[in-house]
Amino acid sequence: MSILPENARHFPATARNRDPIASILKQHLPLSGTVLEIGSGSGEHSVYFADIFPNLIWQPSDPDPLNVESINAWVKSAGASCSNLRPSLSINASDLVLPVASADFVICINVIHISPWDATKGLMRNAANLLPESGGLYLYGPYKIDGVHTSPSNASFDCHLRSQNDAWGVRDLGDVVSEAHRNGLYLKGQFKMPANNLSIVFEK
């Protein structure tokens, strides 16, 4: 890996999953408009997706100040080659008031299993408020199906998460879909991804 920009973080999983995620996003992103990324982490996904979707404004965000600093380091490093990439906003998915008025699409990658359930509820509420009719919400991560883990590795991962914080854990897809429906977001598709993850797409 090349030398990191100053204050930038590197999460190895981003390089492994970015192309499979991009293949799903290509099928569902609008042709133009603003994509709000909730929980952008290091910012590596933001830079990568902004580059391959140049007709979209990419707005990263994260609640962690160190991640915001990392995102902005990646944004600065990308420079003019990603003129559609905006500096990070500080957003917690459960915030009642967001520093953004609208978005044409919302994505959230590897977040809801490492945050309290209130974050998922807030994500659904905020996405419904921000999106236009037919706007989309994309989620990526591990899920249980009908209360059952899809692999032994996901079961072990779930135990590991709960040992760190009992409010975390791999969510059941049915619970996530039900919360989305309560906010006027309806399941449009689910797709098997590498490493026992799923891509989930909702539409308002």
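Up top you'll find the structure we're talking about.
These figures come from a predicted structure and were not determined experimentally.

### Focus: the sheet that holds strand E6 (residues 148–149)
Strand-to-strand pairing in sheets goes through backbone hydrogen bonds, with the strands running parallel or antiparallel.
Phase 1 of the analysis: Read from one edge of the open sheet, 3 strands run E6-E5-E7, paired in mixed fashion. The open sheet has two edge strands with one neighbour each: E6 and strand E7 (171–172).
Phase 2 of the analysis: The pairing of strand E5 (residues 143–145) with E6 spans 2 bridges and is classified as antiparallel. Note that in E6 the partner of isoleucine 145 across the bridge is valine 148.

### Overview of the pattern of salt bridges
A pair can form between side chains of opposite charge whenever their charged atoms are brought close.
Phase 1 of the analysis: Overall, the coordinates contain 3 salt bridges when judged by the stated rule.
Phase 2 of the analysis: Between glutamate 179 and arginine 182 there is a salt bridge, and its shortest N-O distance comes to 2.9 Å. A residue pair is termed a helical-turn pair when its members lie 3 or 4 positions apart in one helix, as glutamate 179 and arginine 182 do in helix H6 (residues 173–182) at 3 residues.
Phase 3 of the analysis: Accessibility expressed as a relative area gives 7% for glutamate 179, which makes it buried.
Phase 4 of the analysis: Residue arginine 182 is classed as exposed on the basis of its relative accessible area of 59%.

Rules of the game
- Residues numbered from 1 in each chain as written.
- Predicted model: local features only at pLDDT ≥ 70, side-chain atom pairs only at ≥ 80, totals over all residues.
- Heavy atoms only, no water.
- Pairing = 2+ DSSP bridges.
- Helix = DSSP H or I, 4+ residues; strand = E, 2+ residues; numbered from the N terminus.
- Salt bridge = Lys/Arg side-chain N within 4 Å of Asp/Glu carboxyl O.
- Buried < 20%, exposed > 50% of the residue type's maximum accessible area, 1.4 Å probe, protein only.

Function cannot be read off these values alone, since they describe shape.
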